[in-house]
Amino acid sequence: MQLYSFFRSGTSHRLRIALNLKGLGYDYVAVDLRSEQHLGAEYQALHPQGLVPALVDQGRVLIQSPAIIEWLEERHPEPPLLPTAPEDRVHVRALAAIVGCDVHPINNRRILEALRRDFGADEAAVQRWCADWIGAGFDAIEALLANDIRRGDFCFGHAPTLADVYLVPQVESARRFQVDISRWPHVQAVDAACAQLDAFRRAAPSVQPDA
């Protein structure tokens, strides 16, 4: 497989984690968002939105990280990223959706560029924007983690799930935007537990070829 990725992209980061947890190898193809490589005709022929990540498997181009991760779960079910019981699965999916639907989309690069370009936001305003939405999401996740008496070291149970795959890249983004994550001790503890696993360490932005 070929993974088209940008080292600092949260969606690329989460897909790298999922691939690593599944034990799947891939060739890393860097797409430089800073030089607007993703807006060129060559990349847009691969991915019409000009976004990362994209995953190519046997000539098939897969886009949108939630869809790709679902495909991975269906095609490569071991180890599972979702628990067995429907009630537990909806809980894990909800934790992931707080990041994937409510936090990340309004904090990603193109939104921040629009804030600067169209609304005259300076860097302090952009930082506040990111911190506000990250804080709202992490407040909810912290409460859900605190209320789960069955939880182990991870977001759910005693092994990483889809929720951890989504949460860790958002914690990385929070640090980049200088958000103090010590406000959320359960979130911080989950991030620390994940950092002990090779699958998460190898997916970290700082160790990617284009970092």
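Residues numbered from 1 in each chain as written. Predicted model: local features only at pLDDT ≥ 70, side-chain atom pairs only at ≥ 80, totals over all residues. Heavy atoms only, no water.

## Considering the sheet that holds strand 3 (residues 54-57)
In a beta sheet, neighbouring strands are held together by backbone hydrogen bonds and run either parallel or antiparallel to one another. The strand order across the open sheet built from 4 strands is 2-1-3-4, with neighbouring strands paired in mixed fashion. Edge positions in the sheet fall to strand 2 (27-30) and strand 4 (60-63), since each of these pairs with one other strand and no more. The average undirected angle you get between the axes of adjacent strands in this sheet is 20 degrees. Here strand 3 runs beside strand 4; their pairing, made up of 4 bridges, is antiparallel. Bridge pairing in strand 4 places A54 opposite I63. (Pairing = 2+ DSSP bridges. Helix = DSSP H or I, 4+ residues; strand = E, 2+ residues; numbered from the N terminus. Axes fitted to C-alpha atoms, helices over the stretch in contact; angles between N-to-C directions.)

## Notes on the domain arrangement of the protein chain
As a measure of interface size, the accessible area lost when the parts come together is often cited. What the domain assignment reports for the protein chain is domain 1 (2-79) and domain 2 (86-200). One C-alpha centre belongs to domain 1, the other to domain 2, and the line joining them spans 20 Å. Across the boundary between the two partners, domain 1 contributes 15 residues, which contact 15 residues of domain 2. Both sides together, the interface formed by domain 1 and domain 2 hides about 1,300 Å², and carbon and sulfur atoms give 66% of it. Three residues stand out in domain 1 for area buried against domain 2, namely R14, I17 and L21, and they jointly supply 39% of the buried area on that side. (Domains from an automatic or database assignment. Contact = heavy atoms within 4.5 Å. Buried area = accessible area lost by both parts, 1.4 Å probe.)

## Quick look at the side chain of S12
Position of S12 among the secondary structure elements: in helix 1 (residues 10-21). The residues contacting S12, other than those within four sequence positions of it, are Y4, S5, F6, V52 and P53.

## Quick word on the environment of R151
Within the secondary structure, R151 is located in the loop between helix 6 (123-147) and helix 7 (162-176). Those residues within four positions of R151 in sequence are excluded, and the remaining contacts are L145, F156, G157, H186 and V190. Looking at R151, its side chain comes within polar contact range of the main-chain oxygen of F154, at 3.0 Å. (Polar contact = N/O pair within 3.5 Å; in protein donor to acceptor, adjacent residues only side chain to side chain.)

## Looking at the packing of helix 6 against helix 7
Packing of helix 6 against helix 7 leaves a shortest axis separation of 11 Å and a crossing angle of 140 degrees. As the angle between them shows, helix 6 and helix 7 are arranged oblique. With respect to the hand of their crossing, helix 6 and helix 7 are arranged in left-handed fashion. Of helix 7, the residues touching helix 6 (which contributes I134, F138 and I141) are L167, Q170, V171 and A174. Of the residues contributing to the contact of helix 6 with helix 7, the split by class is 6 nonpolar, 1 polar and no charged. (Parallel < 35°, antiparallel > 145°, perpendicular 65-115°, else oblique. Left-handed = near helix turned anticlockwise from the far one by under 90°. Nonpolar A, V, L, I, M, F, W, Y, C, P; charged D, E, K, R; others polar.)

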